[in-house]
Structure formats: structure tokens, C-alpha cells
Amino acid sequence: MSVPSGETPSPPTSLIDRFGRRVNYVRFSVTDRCDFRCVYCMSERMTFLPRARVLTLEEVATLGQAFVELGVRRIRITGGEPLVRCNVLWLFRELGRLYEHGLMELTLTTNGSQLETMATDLRAADVARINISLDSLDPERFRRITRVGHLATVLRGIHAARAAGFQRIKLNSVILKHRNHDEVISLVRFAINHGLDISFIEEMPLGVIGDHDRAEAHYSSEAIRNDLKQVFALTPTTEKTGGPSRYYRIPETDSRIGFISPHSHNFCGTCNRVRVSAEGRLLLCLGQEHSVDLRHVLRAHPGDLERLKQTIINAMAIKPRGHDFQLNGQPVILRHMNHTGG
Ligand code: SAM
Ligand code: SF4
């Protein structure tokens, strides 16, 4: 099946919050587990959810159907590392069927470790775009940041994804002062040379990580832009890809350079998304705890799609105005990014 063009008529979203924001994008974290232990995402010793508390893939597929019937156009699969979830390709194929019912884009965020073997199947399952996390091009640094990852494996994964023919591939780089901030120019060069987009992300204070002081490691999007401007001519654009990135173009290249700046440029006013955690909590905001237990509805009322949809509609009333990230002191949000689904 091919992905329909943007002209496909689709019903308007029923999901509108009390600030008038239209929710048309959902991210599902399909596992809290991961084969990496990135220093900004997890602590070294993590306790993962027992299997019974994690949504089954069938439950995630049911949620996908409910959200699309409510007018959601974009679904992103994330985690944890989504590609380490057993049989996850089945889920992509199931969600791919929703293109017939209004879904416009099925996307994936991955650390790239499994792409070498899975990229072709993911493309065949109609995944349109992929975001691949890449914070360093130096193997030792890459290992230090991910604690256990191999750069060469991820680079092979990136090449496999390019060969598989996704509409677009974007790199995501979390930039930390004194750890990888001096690599932003090489990362952009890598993106340009391989025809990729790249987004630089400011670290968010989610969960206790124990590795570094987040305030000390903060490196703002503005600092990155200033570094890049020494070498590249950055032209601002109004292009969007559904998420919070603000994009720039570099003349005579295909690459877009994005900035996700929760600290220096709050993006909450135009928030169009919600998340579902691996255990089925509908999270109304990345940086707040407002949530609704969808797993309970799925398990207490199996097959009752209308009740599930009504629960999601009702949840819009508690979507908060925005996050409240503070860099100093203990994090207010104790859940780690691998639970939340970045
Ligand atoms: N494992 C996959 C990956 O790394 O791409 C998907 C899940 S990961 C949680 C999604 C994205 O969140 C990644 O790009 C990662 O770099 C980013 N991330 C994780 N923890 C973060 C944090 N504390 N602040 C900002 N971004 C974070
Ligand atoms: Fe795993 Fe992604 Fe978190 Fe890194 S950022 S530990 S790859 S979930």
C-alpha cells in the first residue's frame, strides 16, 4: 500500500483542548526497554516495567485506531527503543492499514541499532519517515554518551535506512556542553553529505539520571546556531514536520537544520500532540504529570472502542497550558524519557 498524498480528505480532529489547540498527533512508546543507556535519558541502573504492565501490541493497535477515528493524522512510534520490542513489525503493519482511514503519516524514532536488519521491512510497512538519534561521530564519545552503544552499528543502520527509501530521514542530536557541543559542525556536515535533516535538542530535565548536572551541561540552541553560523549560511524557514522543531535551511543543500528548544524557545502555545506511555498512560504534556489511564479502559472494557474514544476526548480537558521545566534543582518530572516516549 502506498502512503496517500496530503490532499486525501480526512475528518477534522475531535480532539481540541480548552486552549483551542487541536491535537492531531500521537506518539506511542511501545517499550520502556532499550539496548542503550544514554546519559541524558536513563540512570545507569534502571528498573524496567514488568511485562504485564506494558501494553500489548494489539492494545497499541486498538489505540491507534481510536486516535485516527478521532481525527489524529500522525502517529510516531518511539520508546525506549521501539525496535527491540519483539514482533514490533506486526504493529507497524497494523498501523499502516490506518492510511485507508485518515492517517497521513506513520513515523518512527529509533537509536538506529536495529536498522541494518529492519529498515527494508519498516519501509515495506509504510513507515514514511524515520528519526535516528546520533549525538557523536566519535566512537569513544558515542560509547560514553550511550554508555553501551556502538557507533559503527548505528552508521550501518543509517546507510540501510537511506537505501530503503524513506521519504525523509532526520538525525536527532542532544547537545551537552563539554561532551559533544564541539561536534555540531561535523554533525551538520554529516547530515548534508548524506542528504539527511538534523535537529538539535536541548536536554530536558526528565527523571533523575545521576550522570551530570543538567544545568552545567546545558548548551542552548542559540549557542549552537552561533557555532554553525561561523561555517554555514543559515536561512530561517517556516517549514514544519509535525513536531516542535524550528527549521533553517543551508543554501544549495537538501538538509534542514532544526532546533528543539524547550528552555530557550517554549513551543507549548502550538502544541498539537499527546503521548501514550508504554504502560498506557495518556500523557497530555511531556513536562507535566497530567494523565489518564487508557490501559485500564482497554482491559476493563475490551472491544469497547466508543468508551475508549470518549475517554480520550474527555482527557483534552486536562491538557495543561505548557511544561514547567527548570534546569536547576531536582527534576519536577520523575519519569525518564524512555517511559514518556521522546
Ligand atoms: N530510543 C529511541 C531514540 O533514542 O531515538 C527513541 C526513544 S528516545 C527517548 C527519543 C528521543 O528523545 C531521542 O532523540 C533522545 O535523544 C531524546 N531524549 C532522551 N532523553 C532526553 C532528554 N532528557 N532531553 C532531551 N531529549 C532526550
Ligand atoms: Fe535508549 Fe533512546 Fe533513551 Fe538512548 S535516548 S537510552 S537510545 S531510549
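Preceding this section is the structure that the text describes.
What counts and how
- Residues numbered from 1 in each chain as written.
- Chains lettered and ligands numbered in written order.
- Predicted model: local features only at pLDDT ≥ 70, side-chain atom pairs only at ≥ 80, totals over all residues.
- Heavy atoms only, no water.
- Axes fitted to C-alpha atoms, helices over the stretch in contact; angles between N-to-C directions.
- Helix = DSSP H or I, 4+ residues; strand = E, 2+ residues; numbered from the N terminus.
- Parallel < 35°, antiparallel > 145°, perpendicular 65-115°, else oblique.
- Left-handed = near helix turned anticlockwise from the far one by under 90°.
- Contact = heavy atoms within 4.5 Å.
- Nonpolar A, V, L, I, M, F, W, Y, C, P; charged D, E, K, R; others polar.
- Near = heavy atom within 4 Å.
- Salt bridge = Lys/Arg side-chain N within 4 Å of Asp/Glu carboxyl O.
- Buried < 20%, exposed > 50% of the residue type's maximum accessible area, 1.4 Å probe, protein only.
- Polar contact = N/O pair within 3.5 Å; in protein donor to acceptor, adjacent residues only side chain to side chain.
- Areas by Shrake-Rupley, 256 points an atom, 1.4 Å probe, with all protein chains shown as cover.
- Arc of directions from axis to C-beta.
- Pairing = 2+ DSSP bridges.
- Right-handed = clockwise from strand over helix to strand, strands pointing away.
- Expected span 1.5 Å × (residues − 1).

Caption draft 1: Inspection of the packing of helix H1 (residues 57–69) against helix H2 (residues 88–96) at higher detail. It is the contact of H1 with H2, at a shortest axis distance of 10 Å, that shows an interaxial angle of 20°. Here H1 lies roughly parallel to H2, going by the angle between them. Crossing geometry of H1 relative to H2 is assigned as right-handed. Together, Leu57, Glu58, Val60, Ala61 and Gly64 of H1 and Val88, Trp90, Leu91, Glu94 and Leu95 of H2 make up the contact between the two elements. In terms of residue class, the contact of H1 with H2 is built from 7 nonpolar, 1 polar and 2 charged.

Caption draft 2: Inspection of the site of ligand 2 at higher detail. Taken together, the neighbourhood of ligand 2 is formed by Cys34, Phe36, Arg37, Cys38, Cys41, Met42, Gly80 and Asn111. Looking at the shell around ligand 2 residue by residue, the classes come out as 5 nonpolar, 2 polar and 1 charged.

Caption draft 3: How the structure looks around the pattern of salt bridges. Taken as a whole and judged by the stated rule, the model has 19 salt bridges. Close ionic contact of Glu105 with Arg74 constitutes a salt bridge, the shortest N to O distance being 2.9 Å. Placement of Glu105 in strand E3 (residues 105–110) and of Arg74 in strand E2 (residues 74–78) is noted, with a sequence separation of 31 residues between them. Notably, a salt bridge pairs Arg129 with Glu105, separated by 2.7 Å at the nearest N-O pair. With Arg129 in strand E4 (residues 129–133) and Glu105 in strand E3, the pair connects residues that are 24 residues apart, well separated along the chain. We note that Arg129, like Glu105, is buried. One network of salt bridges, with partners in common, ties together Arg168, Asp197, Glu239, Arg249 and Arg256.

Caption draft 4: The arrangement of the site of ligand 1 in detail. Around ligand 1, the structure places 19 residues, and the nearest of them are Tyr40, Gly80, Thr110, Ser133 and Met204. Take Gly80: an N or O atom from its main chain is 3.0 Å from a nitrogen atom of ligand 1. Asn172 places a polar side-chain atom, nitrogen or oxygen, 3.4 Å from an oxygen atom of ligand 1. Here ligand 1 has 540 Å² of accessible area as a free molecule, and 96% of this is covered by the chains. For the shell around ligand 1, the secondary-structure elements that each account for two or more residues are E3 and strand E5 (168–174). Here the shell around ligand 1 is composed, by residue class, of 6 nonpolar, 9 polar and 4 charged.

Caption draft 5: Quick peek at the side chain of Asn172. In this fold, Asn172 is placed in strand E5. Take Asn172: its relative accessible area is 10%, and that puts it in the buried class. Not counting residues up to four positions away in its chain, the partners in contact with Asn172 are Thr109, Asn131, Ile132, Ser133, Leu134, Asp135, Ser199 and Ile201.

Caption draft 6: Local environment of helix H4 (residues 139–146). For H4, the complete set of buried residues consists of Arg141, Phe142, Ile145 and Thr146. Down the axis, H4 shows its buried residues gathered within 120° of arc, on one side only. Turned more than 90 degrees away from the buried face of H4 sit Pro139, Glu140 and Arg144, all of them exposed. Looking at the packing, one finds that the buried side of H4 touches helix H5 (151–164). Positive phi appears at Arg147, one or two residues downstream of H4, with a value of about 65°.

Caption draft 7: Region of the structure containing the pairing of E5. Within E5, 6 of the 7 residues are buried, leaving the element largely enclosed by the surrounding structure. Bridge count between E5 and strand E6 (residues 197–201): 5 bridges; the pairing is parallel. If you follow Lys170 over to E6, its bridge partner there is Asp197. Since E5 and E6 lie parallel, the crossover through helix H6 (residues 184–193) that links them has a hand, and here it is right-handed.

Caption draft 8: Fine view of H5. For H5, built from 14 residues, the straight-helix expectation of 20 Å at 1.5 Å per residue is met to within 8% by its first-to-last C-alpha distance of 20 Å. When H5 is considered as a whole, its buried residues turn out to be Leu151, Val154, Gly157, Ile158, Ala160 and Ala161. Lining the buried residues of H5 we find helix H3 (115–124), E4, H4, E5 and H6.

Caption draft 9: Quick peek at the sheet that holds E6. If you walk across this open sheet you meet the 12 strands as E7-E8-E9-E6-E5-E4-E3-E2-E1-E10-E11-E12, and the pairing is mixed. Where the open sheet ends on each side, the last strands, each with one partner, are strand E7 (235–236) and strand E12 (291–293). The sheet contacts of H5 involve E4 and E5, and relative to E4 the element is tilted by about 165°.

Caption draft 10: A look at the packing of H6 against helix H8 (residues 221–229). One can describe the packing of H6 onto H8 by two numbers: an axis separation of 9 Å at closest approach and a directional angle of 70°. Taken together, H6 and H8 sit at an angle that is classed as roughly perpendicular. Like other packed secondary-structure pairs, H6 and H8 cross with a definite hand, here right-handed. Each of Val184, Ile185 and Val188 in H6 lies in contact with H8, whose residues at this interface are Ile224, Asp227 and Leu228. Of the residues contributing to the contact of H6 with H8, the split by class is 5 nonpolar, no polar and 1 charged.

Everything listed here is a matter of coordinates, which is why it stays silent on function.
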